[in-house]
Each structure stands twice: as C-alpha cells, then as structure tokens.
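# Overview (structure and organization)
Residues per chain are reported as follows:
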Amino acid sequence: MTKHRKATEGPQTKSKNPLPAGLSGLPIVAIVGRPNVGKSTLFNRLARRRIAIVHDEPGVTRDRHYADTSAFGRRYSLVDTGGFDPEDTDPMRAGIAHHVKLAIEEADVIVFLTDATTSLTNADKAAIKLLRASKKPVFFAANKADSAKVDADAFELYREGVETVYPVSSLHGRGIGDLENAVVNAFPIEEDTEPFEDEGLTRVAIVGRPNAGKSSLLNRIVGEERMLVSPEPGTTRDAIDALVERSDRRYVFIDTAGIRRKGKVAKAESTVEAVSVLHAIRSIERSQVAVLLCDSSEGVAEQDAKILGLAEERARAMVIALNKSDLVGKKDMDGVEERAREKLAFAPYAPVVRISAKNGRGVNELFATIDRVKEAFTKRVSTGELNRFFASVLETRPPPTSGGKAPRLYYITQAETAPPTFVIITNAPDAVHFSYRRFVINQLRKSFGFEGVPVRVFYKAKRKRAKGEEEARE
Ligand SMILES: Nc1nc2c(ncn2[C@@H]2O[C@H](COP(=O)(O)OP(=O)(O)OP(=O)(O)O)[C@@H](O)[C@H]2O)c(=O)[nH]1
Ligand SMILES: Nc1nc2c(ncn2[C@@H]2O[C@H](COP(=O)(O)OP(=O)(O)OP(=O)(O)O)[C@@H](O)[C@H]2O)c(=O)[nH]1
C-alpha cells in the first residue's frame with residue numbers, strides 16, 4: 001500500500017465527504033451498447049445511485065455519465081459512453097462500431113450490454129466481432145434477464161462466439177454481483193509503487209475541451225527532440241508520458257499520447273466531447289497538478305467547468321490557463337478572465353494564467369504557477385504552527401452553539417499532504433455547522449496559502465478512553 005492510498009483509510013473515511021482514491025489511476029470501465037438496452041440502468045446500479053434519467057425512448061442518454069464507484073473493495077471509474085445517436089445520418093458516426101472503438105481505445109475494461117428480450121441486431125453482431133478482436137477485457141452482459149426464464153435467450157450470444165455470457169437484470173440486480181466480480185478481477189494488478197517517490201518530479205495533466213490547444217501547448221513545452229517518452233509501468237494502458245526538464249526542475253506531462261492521438265476517431269461532436277472527458281479523467285487520476293486549458297477566443301463554457309470539476313472532485317492542484325490570448329485584445333482578456341471566474345466559481349483559489357501556445361507568451365508564468373501550486377499541494381504545516389493559528393481562530397470566532405451546546409474543538413493536525421488534509425478533534429463532530437467548517441477552511445487558506453489546492457478538513461470525535469487508560473493529555 002502506498003502512502004497516498006492510505007489517505008482513504010484514515011479517520012476521514014467515516015466522513016460524508018470521503019477523500020478520492022489513491023493518486024494512482026483508477027481503472028476505467030466503459031459500458032457500451034445499443035440505445036434502450038439499459039445502459040443507464042446498469043450504470044446506476046453499478047454506481048449505486050439513481051439519478052440518470054431512464055426512459056423507454058431510445059437515445060435518451062444524451063449526456064455521458066461518469067462516476068467513481070467500487071465493487072469488492074476495488075475502486076474504478078465508470079463511464080457510460082451513451083447510445084449512438086440514431087438521428088445521425090453519417091453511417092460512420094452512427095454505427096455502434098464507432099463507440100465500440102472508442103471504448104476499446106480509452107477504457108481498461110468494457111462491458112458490452114445487449115437486451116436479452118430481443119434478438120441480437122446486426123449492429124450487435126458487428127460490435128461483438130470488433131470486441132472479440134480487441135486485446136482489452138470485455139464482458140458480455142445480456143440485460144433484462146429478470147428471471148431465469150430469460151437466460152436461455154441471453155445465450156444467443158454464444159452463437160456469436162462469446163465465451164462467457166452474463167445474464168443480468170439491471171433493474172432488479174439479478175446477476176450483477178457476478179458481473180462486478182468479473183470486471184474488477186480484470187483490472188491490472190495494483191503495483192506497490194509510489195508514484196511520487198521522486199519528490200522533485202511534478203506530474204502535470206493538461207486537460208480541456210477539444211481544440212483548446214492542448215497539443216499545441218505540449219509541442220511548445222516538450223519540443224519533439226527533448227521529449228523522452230516512456231510507458232508508465234504498472235498501467236496496461238498505452239499511456240505515453242513526457243518527461244520535461246526545465247530550469248533544474250523535472251515535470252512529467254501525463255498521457256501525451258492521448259492528446260496527440262488525433263484523427264483516429266471520426267469527429268462526431270458528442271464523441272469528441274466524450275474523448276476529452278475520458279482523457280481528462282484518466283490523466284487527472286495520475287496527476288498532481290491539473291492544468292485546465294481554455295480557448296479564450298471561445299470563452300469558458302459549461303464543459304470547462306465539468307472538466308475542472310473532475311480535478312476538484314479528485315482534490316488535485318489546479319491551474320486555469322486561458323489560451324489563445326493572442327487572438328483577444330488585452331482589454332477583452334479581462335472580460336474573458338472575469339467570465340472564467342464566474343463559470344469556475346467553485347474553485348476560486350485556482351490561479352489563472354493567460355497564455356498563447358502559438359507565440360509562447362505566458363508559458364514561463366504557467367510553469368512558475370505550476371511550481372507554486374505543486375508546492376502548496378505537498379506543503380506540510382507543523383502542528384505547533386497549526387495550533388497557534390487555531391487558537392487565534394477560536395478566539396476571534398468560536399464555533400456557534402448547536403442545539404443549545406457549543407461543540408468543543410480541541411486541536412488540529414495535518415493528517416496528509418497531497419492534498420492537504422486536516423483533522424480537527426472535537427467532542428461533537430456533527431454539531432460543527434457547515435458555515436463554520438467553511439470559515440475554518442478559509443482561515444487556513446488565509447494563514448497558509450494553499451494556492452490552487454482544495455483543502456480538506458475532517459472533524460473527528462475524541463476517542464473514548466478505554467477502561468484503565470490514563471487520561472490522554474491534549
Ligand atoms: N425488465 C427490465 N427492464 C429494464 C432493465 N434494465 C433497463 N430496463 C428498461 O429498459 C429501458 C431502457 O433503459 P435505459 O437504461 O434508459 O437504456 P439505455 O441503454 O441507457 O438507453 P439510451 O439512453 O437510449 O442509450 C427502460 O425502460 C428501463 O426501465 C432490466 O434489467 N429489466
Ligand atoms: N491563435 C492561436 N491559435 C492556437 C493557439 N493554441 C492553439 N491554437 C490553434 O487552435 C487549434 C487547436 O489546437 P490543438 O492544439 O490541436 O488543440 P487540442 O486541444 O489539442 O485539440 P483536440 O486534439 O481536438 O483536443 C489549432 O488550429 C491551433 O493552431 C494559440 O495560442 N493561439
């Protein structure tokens with residue numbers, strides 16, 4: 001077990017606000033299938049939630065869904081690649097083959113879903129052929145097998161050469177455990193390696209919407225000849241990372257292949273978006289610093305917020321880079337930045353840098369900013385310093401009473417770095433009001449900085465003394 005993975009096992013696991021998984025990448029599981037076979041229902045079942053709209057009309061899953069979930073103690077990122085758009089008349093894009101290829105390229109494990117209550121279509125058969133030829137682990141699940149009676153129909157898949165069929169009922173949960181078990185057992189073996197052993201190394205993910213300028217920026221930063229590419233050990237993915245040395249510092253730009261791999265898939269709007277989010281998920285997972293690259297000439301949009309949100313959820317250090325500043329006048333850039341701040345208001349602490357991948361302006365500042373947020377990400381505040389700070393916070397604003405009693409806050413420690421995680425010991429964790437929690441985080445930022453970094457504070461009850469134990473001094 002690595003140091004970072006332990007972050008999920010500490011006192012904070014009991015919190016309603018659990019830490020993300022370890023900083024090494026979560027395996028990605030993609031669900032693929034024709035419209036209406038029940039992909040959303042399966043997604044919700046595996047993600048253990050019920051928020052996606054489930055509908056009888058084919059093609060309802062317009063938006064893609066992403067969720068981190070787990071089964072049998074293994075965590076993974078689940079992706080519903082969505083049905084293909086039946087209204088799309090371009091046979092290349094409308095074909096299921098296209099989505100299947102996408103999943104084969106981007107996911108670690110694929111679940112191909114069919115509807116056991118209807119015969120296999122030609123599209124199903126074409127997809128099965130493709131999937132069987134791929135090297136990725138694929139599980140064939142026949143959905144809507146609500147009872148054993150339907151299983152016989154599910155076995156139609158065997159005629160297509162499928163080795164194992166999982167009859168499942170996403171609606172009722174039948175057969176889901178077997179499927180989950182097979183899926184998590186197909187994950188690459190977790191290597192007991194420390195991804196950030198090299199303290200001097202900064203792992204950076206450049207993420208953003210299609211056309212934001214990610215490959216232009218990489219080419220500027222990396223430069224073909226100085227690029228040392230190495231497949232990351234311990235991943236089965238074809239992730240190619242680029243090692244960059246700059247003013248005595250070393251950076252790894254993560255999964256540059258994912259950015260450079262262009263034109264391989266036909267560019268249906270929805271698919272391009274899916275690729276960008278998939279790429280973002282998998283590279284953020286392996287990063288310390290996520291750089292959200294935005295197109296200033298287009299303005300910051302909902303999709304940018306979604307991508308930055310992925311980094312925020314995973315508690316990575318963040319930088320917002322407004323690219324193509326050369327296309328926008330200085331005065332207009334002020335407006336672009338202002339609107340970016342509004343759209344990305346959930347991360348007001350993330351620094352904004354204006355750059356141009358085309359002419360190189362701002363790239364030095366981008367590096368300086370990456371250095372600063374990385375430092376904040378891994379910063380450790382001494383317990384002495386923390387508690388002097390804490391005493392003054394308590395003095396200026398003690399926690400408000402809740403139900404007639406004020407919770408007592410005893411002391412604070414920094415439990416983890418990367419991301420900075422603090423634990424406050426109290427007699428009544430539940431009595432600490434939300435607004436007070438936010439106040440404490442803001443005060444921590446005020447005193448110690450943490451630019452670009454989500455700060456986590458957990459409230460933990462004082463441990464009850466066992467019989468005969470000396471009263472612990474606090
Ligand atoms: N009987 C039965 N019905 C199911 C099951 N799973 C899904 N359904 C139904 O099948 C229909 C389609 O389910 P969805 O989950 O929306 O299908 P989808 O594949 O996401 O569809 P698109 O959004 O069109 O891509 C809904 O009416 C579901 O209630 C199941 O296990 N058994
Ligand atoms: N004027 C200007 N154009 C830029 C800049 N950065 C990128 N571009 C252009 O924007 C377009 C998209 O750039 P890419 O680097 O291919 O963008 P990307 O984010 O890698 O795109 P995807 O591969 O689709 O995700 C290209 O035509 C670039 O030449 C910039 O700073 N200024």
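Further up the page is the structure itself.
Residues numbered from 1 in each chain as written. Chains lettered and ligands numbered in written order. Predicted model: local features only at pLDDT ≥ 70, side-chain atom pairs only at ≥ 80, totals over all residues.

### Brief notes about the overall build of the protein chain
- Along the backbone of the protein chain there are 15 helices and 16 strands.
- Out of the 474 residues belonging to the protein chain, those deemed buried represent 41%.
- Put simply, 71% of the contacts in the protein chain that link residues at least 6 apart link residues at least 24 apart. (Helix = DSSP H or I, 4+ residues; strand = E, 2+ residues; numbered from the N terminus. Buried ≥ 20, exposed ≤ 12 C-beta atoms within 10 Å, placed from the backbone. Contact = placed C-beta atoms within 7 Å.)

### Things to note about the environment of Arg-282
- As for its placement among the helices and strands, Arg-282 is situated in helix α10 (residues 269-285).
- In sequence terms Arg-282 and Ala-107 are 175 residues apart; their C-alpha atoms lie 9.2 Å from each other.

### Points about the site of ligand 2
- Taken together, 18 residues sit near ligand 2, with Gly-213, Lys-214, Ser-215, Ser-216 and Lys-358 positioned nearest.
- Counting residues per element, the shell around ligand 2 draws most heavily on helix α8 (residues 214-222), at three residues.
- Taken together, the residues of the shell around ligand 2 break down into five nonpolar, eight polar and five charged. (Near = placed C-beta within 6 Å. Nonpolar A, V, L, I, M, F, W, Y, C, P; charged D, E, K, R; others polar.)

### Overview of the pairing of strand β16 (residues 456-461)
- Pairing between strand β15 (residues 421-426) and β16: six bridges, direction parallel. Bridging across to β16, Thr-421 finds its partner in Arg-456.
- Following the chain from β15 across helix α15 (residues 434-448) to the adjacent parallel β16, one finds a crossover that is right-handed. (Pairing = 2+ DSSP bridges. Right-handed = clockwise from strand over helix to strand, strands pointing away.)

### Brief notes about unusual backbone geometry
- Here the amide bond leading from Ala-418 into Pro-419 is cis, since omega sits at 0 degrees, within 30 degrees of zero.
- Positive phi values are uncommon outside glycine, yet Lys-144 reaches one of about 70 degrees.
- Along the chain, Lys-144 falls in the loop between β5 (138-143) and α6 (148-154).
- Take Lys-144: there are 23 C-beta atoms within 10 Å of it, and that puts it in the buried class.

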